[in-house]
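Coordinate inspection notes
Given next are the chains, with one letter for each unit.
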Amino acid sequence: MGSRFQTSFSAVLISDFDYDLPEELIAQQPAEPRDASRMLVVDRHRACWQDCAFRDLPELVHPGDVLVINNTRVFPARLIGRREPSGGKIELLLLTERGALEWEALARPARRLPVGARVSFGEGRLRGEIREEIEGGLRLVRFECEENFDQLLDEIGRTPLPPYIKRDPFKADAPDRERYQTIFARERGAVAAPTAGLHFTPRIIAELRERGAQIAEITLHVGYGTFEPVRVKDVQQHRVAAERFVIGQEAAEKIAQARRSGGRIIAVGTTSVRALESAADERGIVKPTAGSTQLTIVPGYRFRAVDALLTNFHLPRSSLLLLVSAFAGRELILAAYRHAVKERYRFYSYGDCMLII
C-alpha cells in the first residue's frame, strides 16, 4: 500500500526551492501554551489549503489512524569554551560519537582549530584535542575529563538551538532546555528537536485517543545531516548524512493494524517520515528496524509508508523543504508557503505547523 501520490515534478535545481520570508516571521520564542500554534491544513490531492489551529488536529483524524511520533531527546550538545593557551573563544556542536570520549563536531571558527589544537570548557573541567580535520568545518575531537562525561555535558553544555533563534550565549538557557524538547522526549541522542512534535500536549494526546487514533513512538536521533545546507545545484546529488533510528515491535504492530483497518499513517515530522520510509518494504509494510539511514527524499521519490504529514515550515533551499515538496508537490508547497507568509504564520523550529493530507 502506501501513499497514492505520484509526483510529476521534473526540475531538480535547488534554486527552484526558494521563497521570500520577512525576518520578523522567524519565531524566536515558542507558542505558549504548546498547543496554541496555528496550523495550515494542505490537501495535496485537491491542491487547496485551510487556515486552522493546532488544537483542531483531533477533529481531523479518523478512527484507526496512527500518529507516528519521534521520542528522541535533545542533549546539550553545544559547548562554548576557549582555545589553550591563547584563550580565544571557540564553539563546538557535538554531532556524532565516534568512540569513547571521541566526537565529530562542528567547530566555529574552524580556522582556529587545526589538528593538535587544545580546547577547554567549564573552567577546565572538560578538555579536548583536535585529532582530525573534516571538510565542512567539522573536526574530530578527543575529550578528557575526570567526571562522568554525560553528566558533565548536562551541566556545562547548552541547548543546540538553530542559529536563526537568537540568544545571548552568556545567559542561562534553562527555558529552552525544557521547551526545545517534545513531551515524548525520552531517548537521548539528538542535536536538534523533532520540531513538529513540540506542539503536542497531554490534552491533545488524550483527545486524539478519544477519537480512536493510536500513537506509535519511534526514535530517530536528529543529526547535523537534517539541517546541513544543500550545497549542490542538482538536488538529486544531495545526500543526507546517516542518522540512527529504531522502530520497535510495538510501533510496527500499531502501524500494521492501521494499514489493515484502512487507517492512515500520519507522520509527525520529517524525521518520522525518513525512519518509516527507511523501514518500509515495497508493499509499504513497516518492519521493526534498528540501524542508520541515509535516505534522502527529493521530488520524484515514491512514498510507500506515509499517508499524511504534520510538519513545521522549513528553510528555503533545505533538504526538509525538498522532502515536503516531494510529498505534496513543489508548486503547491511554495504557494502554501506564500499564503503562510501573507497571513503572518510563524516560521521554523519554534513556529507554526502544516498538516499535509
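Located above this text is the structure these notes cover.
In this text, all values refer to a predicted model and were calculated from it rather than measured experimentally.

1. Quick word on helix H8 (residues 319-328)
Counting buried residues in H8 gives ten out of ten residues, a clear majority hidden from the surface. Taken together, the buried positions of H8 are Ser319, Leu320, Leu321, Leu322, Leu323, Val324, Ser325, Ala326, Phe327 and Ala328. Contacts from the buried residues of H8 go to helix H5 (224-227), helix H7 (270-279), strand E16 (308-312), helix H9 (330-342) and strand E17 (353-356). A positive backbone phi angle near 100 degrees is found at Gly329, which sits one or two residues after H8.

2. Some words on the packing of aromatic side chains
One pass over the full model with this rule turns up 17 aromatic pairs. When the ring of Phe54 is compared with that of Phe200, the centres are 5.1 Å apart and the planes differ by 80 degrees; the resulting orientation is edge-to-face. Placement of the pair is Phe54 in the loop between strand E2 (48-53) and helix H1 (57-60) and Phe200 in the loop between strand E11 (187-190) and helix H4 (202-210), with a sequence separation of 146 residues. Accessibility classification places Phe54 together with Phe200 in one group, the buried group. Ring plane angle 80 degrees and centroid distance 6.0 Å describe the contact between Tyr337 and Phe347, whose orientation is recorded as edge-to-face. Of the two residues, Tyr337 is situated in helix H9 and Phe347 in the loop between H9 and E17; the sequence distance between them amounts to ten residues. Arg38 extends its terminal NZ or CZ atom over the ring of Tyr345, reaching a point 3.9 Å from the ring centre. If you follow Arg44 out to its NZ or CZ, it ends over the ring of Phe327, 3.9 Å from the centre.

3. Re the sheet that holds strand E5 (residues 78-84)
Backbone-to-backbone hydrogen bonds join strands into a sheet, with any given pair of strands oriented parallel or antiparallel. If you walk around this closed barrel you meet the six strands as E5-E6-E7-E10-E9-E8, and the pairing is antiparallel. For this sheet, the mean angle separating the axes of adjacent strands, direction not counted, is 45 degrees. Looking at chain direction, strand E7 (residues 102-108) and strand E10 (residues 138-144) are connected through five bridges and run antiparallel. Within the sheet, the bridge partner assigned to Glu102 lies in E10 and is Arg142. Strands E5, strand E6 (89-99), E7, strand E8 (118-121), strand E9 (126-134) and E10 of the sheet are contacted by helix H2 (residues 149-156), whose axis makes an angle of about 95 degrees with E9.

4. Thoughts on the pairing of strand E13 (residues 243-247)
Burial along E13 is one-sided: the residues Glu243, Phe245 and Ile247 are buried and none of Arg244 and Val246 is. The pairing of strand E12 (residues 214-220) with E13 spans two bridges and is antiparallel. Residue pairing across strands places Thr219 opposite Val246, the latter belonging to E13. Pairing geometry for E13 and strand E15 (residues 289-293), over five bridges, is antiparallel. Bridge pairing links Arg244 to Ser292 in E15.

5. Description of H7
Across the ten residues of H7, nine count as buried, placing the element largely inside the fold. When we look at burial in H7, the residues that qualify are Thr270, Thr271, Ser272, Val273, Arg274, Ala275, Leu276, Glu277 and Ala279.

6. Let's talk about the pattern of salt bridges
What the rule picks out here adds up to 27 salt bridges. Asp176 serves as the salt-bridge partner of Arg167, at 2.8 Å between the closest nitrogen and oxygen. Across the salt bridge formed by Asp173 and Arg177, the nearest N and O atoms sit 3.3 Å from each other. With relative accessibility at 27%, the residue Arg177 sits in the partly exposed group. The network of salt bridges with shared partners includes Asp35, Arg55 and Arg203.

7. Describing the sheet that holds E16
Strand order across the open sheet formed by nine strands is E2-E1-E17-E16-E14-E3-E12-E13-E15, with mixed pairing between neighbours. Each edge of the open sheet carries a strand with a single partner, namely E2 and E15. Adjacent strand axes in the sheet meet at a mean angle of 20 degrees, parallel and antiparallel pairs treated alike. Where strand E3 (residues 66-70) lies against E12, five bridges are found, and the strand directions are parallel. From the neighbouring strand, Val66 faces E12, where its bridge partner is Gln214. Along the sheet face, helix H6 (residues 249-261) touches E3, E12, E13 and strand E14 (265-268) and points at about 135 degrees away from the line of E12.

Parameters at a glance
Residue positions within a chain follow its written sequence, with the count starting from 1. Reporting in this predicted model follows two pLDDT cut-offs: at least 70 for local features of residues, and 80 or more for side-chain atom pairs to be given and counted; totals over whole chains, interfaces and linings ignore these cut-offs and use all residues. The side-chain figures draw on all heavy atoms in the structure; neither hydrogens nor water molecules are used. Under the scheme applied here, a residue whose accessible area is under 20% of the maximum for its type counts as buried, over 50% as exposed, and between as partly exposed, the area being computed with a 1.4 Å probe on protein chains only. Here a helix means four or more residues in a row that DSSP labels H or I, a strand means two or more in a row labelled E, and each is numbered from the N terminus. Residue contacts follow a heavy-atom distance rule, with two residues in contact if any of their heavy atoms lie within 4.5 Å. Here the aromatic set is Phe, Tyr and Trp, taking the six-membered ring for Trp, and pairing holds for ring centres within 6.5 Å; pairs whose planes are under 30 degrees apart are stacked, those over 60 apart are edge-to-face, and all others are tilted. Only when the NZ atom of a Lys or the CZ atom of an Arg is both within 6 Å of the ring centre and within 35 degrees of the ring normal do we say a charge sits over the ring. Any two strands with at least two DSSP-identified bridges between them are counted as paired. With axes taken as lines fitted to C-alpha atoms, and helix axes fitted only over the stretch in contact, angles between N-to-C directions fall between 0 and 180 degrees. Put simply, a salt bridge is a Lys or Arg side-chain nitrogen that is within 4 Å of an Asp or Glu carboxyl oxygen.

Coordinates in, geometry out; function isn't part of it.
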